[in-house]
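# A closer look at the structure
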Amino acid sequence: SVKLIIDDKSVEVPKGTTLLDAAKELGITVPALCHMDLSGIGFHSSNASCRLCVVEVEGRRNLAPGCTTLATHGMVVKTRTPRVLNARRINLELLLSDHPKDCLSCSKAGSCELQNLAETFGIREISYPGEMSSHAKDTSSPSIVRDPDKCVMCRRCENICREVQGVGVLTAVNRGFESVVVTAFDRDLDTTTCTYCGQCVAVCPTGALSEKDETNEVIRALADPFKTVVVQVAPAVRTALGESFGMKPGTLVTGKLAAALRRLEFDYVFDTDFAADLTIMEEASELLDRLTRHLGGDTDVKLPIVTSCCPAWVNHLEKRYPDLLDYPSTARSPMQMFGSIAKNYLAEKISVHRKDMVVVSIMPCVAKKAECARVEFSEDGNPDVDITLTTRELASLIKRFNIDFESLEDEDFDAPLGESTGAAVIFGTTGGVIEAAARTAYEFHTGETLEQVDFDALRGFDGIRSATVDFAGIDIKIGIAHGLDNARVLMEEIRKGTCEFHAIEVMACPGGCIGGGGQPFHHGKEEIIRARQEATYTEDANKVIRKSHENPHIKKLYEEYLGKPLGEKPHRLLHTHYFN
Ligand code: HC1
Ligand code: SF4
């Protein structure tokens, strides 16, 4: 370790620690735009490009960027001298000079890091008026809007897309005033290998990257007296929505969420968690079916089964692993299963034509916007899910409708598509889908009651994890990856024929859906995602029923309507296929 002094305080840190992190140890926050820290999944990125974290190091003539300068023994560092503060202000003003001044109407208004820094630095005028760069907006994709004029060249998007996702769609080009982050050959995003995971959106400090805003479509549907508007909410939304109303990360707002949706006057307030239980019924059955055939000597059967509820992962699979499309589970995602059940079973039950029903999804994800637009999830041009909003868009709607979120009393979701188990709740975190599947597959396979439902070995935050679960004498080997570049490691093993897993769970976003591209911004701070993960497991532990197949409304749905898992009707309504 090394010992140094920062702002007259002594601190000891491991060798290799940056000045930024050493200062953090002392509770000293050094501002930065380009810096990100997701070290739990092995990702730590700094370009030293924003130069807002400069500090004074005794004995050095130039100011040093705190994010890339390593602490050394005996160093004396000052983070708030007049020279430091002045340099930071000038660097920020230079950024602001080439930034559009439409803050009032910007998609990032209220959560823009650039604007917050301007406020923190006390900027009252921008001293360097002059030429402004100008680039076309890219609205080609169903999920993401790119507005390069708002790019501050922090390159967080580029780093996360390349390093964490292994996709590499975005890259910085040109030099000096001309520099900007674009796609290869500046192509529209919808013609690239972008997965719409939205991680670039999640870490963008400004409004250069945002989701496609569809709040007005929902307002129009709610106001239409001829439409029955049904809403479903994803598991991860309840762990993060509170942050948009000033609550601590990890505050569970399930009851307030249901109440707010009712105040917005949705006709039915349902839960994607119900459909997550349904997904488990199908996916666990599929796992056991493949496993039994495999154990019976069928060499054609594809193992491992790979989860497929994450739409960014499906996009990536189709583009990057076209030779492995027989491996993913054919079960549709909970969101799409919900849409299908709503527009078929529910529509029939309440005597509403599917064309007069609008299904709205609230998701922590921007790829879900593209997922619901896929043609295979529609009938005669009418989609099973009509509109998908992100957690952030929902927060914006709640504010626009003047609902005092914090003072809402808890309410329950409506029955029957609002009832769910603890297994469904944990879909929101990395490892959760496969744990939920294991709970059900175990009991289906052994016919015995699973007493210990917590599979601790599947939990955690490491980018790639593995565990063996004992299914009454058969060792089921499970692999888990979050972040698409981690998934690559497991997929390459399948390709080489060296993969020993029976089942693999992949989630595109760090942490799973709780860290999704549509959640309140975590600004690259891992502790926020971890707090949401804890909340997820708390919600599961608090549930009376914690196994999907014990959900009474799911049982009834099979008895009354669907028949048996993997049967003809489930095949038609709840399964899908993949394209390359
Ligand atoms: Fe997810 Fe899923 S878990 S994909 O991460 O399978 O978005 O939250 O809704 O569909 O349930 C997202 C979350 C979500 C689906 C479920
Ligand atoms: Fe890369 Fe994901 Fe952003 Fe697409 S959405 S550019 S894959 S980070």
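Figured I'd write up the structure that's included with this text. (Residues numbered from 1 in each chain as written. Chains lettered and ligands numbered in written order. Predicted model: local features only at pLDDT ≥ 70, side-chain atom pairs only at ≥ 80, totals over all residues. Heavy atoms only, no water.)

### Considerations on the overall build of the protein
Of regular secondary structure, the protein possesses 18 helices and 21 strands. Computed over the C-alpha atoms, the radius of gyration of the protein is 25 Å, within 12% of the 25 Å expected from 2.2 N^0.38 for a compact globule of 580 residues. Going through the 580 residues of the protein one by one, you find that 61% of them count as buried. The contacts of the protein with a sequence gap of at least 6 include a subset with a gap of at least 24, amounting to 73%. Accessible surface computed for the protein: about 23,400 Å², of which carbon and sulfur atoms make up 49%. In the protein, which carries 65 positive and 84 negative side-chain charges, the distance between the mean positions of the two groups comes to 5 Å. (Helix = DSSP H or I, 4+ residues; strand = E, 2+ residues; numbered from the N terminus. Rg over C-alpha atoms; globule rule 2.2 N^0.38 Å. Buried < 20%, exposed > 50% of the residue type's maximum accessible area, 1.4 Å probe, protein only. Contact = heavy atoms within 4.5 Å. Areas by Shrake-Rupley, 256 points an atom, 1.4 Å probe, with all protein chains shown as cover. Lys, Arg positive; Asp, Glu negative; His and termini not counted. Charge placed at Lys NZ, Arg CZ, Asp CG, Glu CD.)

### Let's talk about the pattern of salt bridges
This model, assessed by the stated rule, comprises 45 salt bridges. Between K78 and D8 there is a salt bridge, and its shortest N-O distance comes to 3.5 Å. With a gap of 70 residues between them, K78 in strand 7 (residues 76–78) and D8 in the loop between strand 1 (2–6) and strand 2 (9–13) connect regions that are remote in the sequence. D138 serves as the salt-bridge partner of R146, at 3.2 Å between the closest nitrogen and oxygen. Just as R146 is buried, D138 falls in that class too. Several salt bridges converge on common partners, so that one network encompasses E435, R439, D454, R459, D540 and R546. (Salt bridge = Lys/Arg side-chain N within 4 Å of Asp/Glu carboxyl O.)

### Some details on the site of ligand 2
In the vicinity of ligand 2, the contacting residues are I144, C161, V167, V169, L170, C194, T195, Y196, C197, G198 and C200. Looking at the shell around ligand 2 residue by residue, the classes come out as 9 nonpolar, 2 polar and no charged. (Near = heavy atom within 4 Å. Nonpolar A, V, L, I, M, F, W, Y, C, P; charged D, E, K, R; others polar.)

### Focus on the packing of aromatic side chains
Two descriptors summarise a pair of aromatic rings, namely the distance from one centre to the other and the angle between the planes of the rings. Considering all chains together, one arrives at 6 aromatic pairs under this definition. Centre to centre, the rings of F245 and F405 are 4.4 Å apart; their planes meet at 20 degrees, and the pair counts as stacked. Taken together, the residues F245 in the loop between strand 12 (228–233) and helix 7 (254–263) and F405 in the loop between helix 12 (391–400) and helix 13 (422–425) connect sequence positions 160 residues apart. Judged on exposure class, the residue F245 and its partner F405 are both buried. (Phe/Tyr/Trp six-rings, centres within 6.5 Å; stacked < 30°, edge-to-face > 60°.)

None of the figures reported here should be taken as evidence of function without further support.
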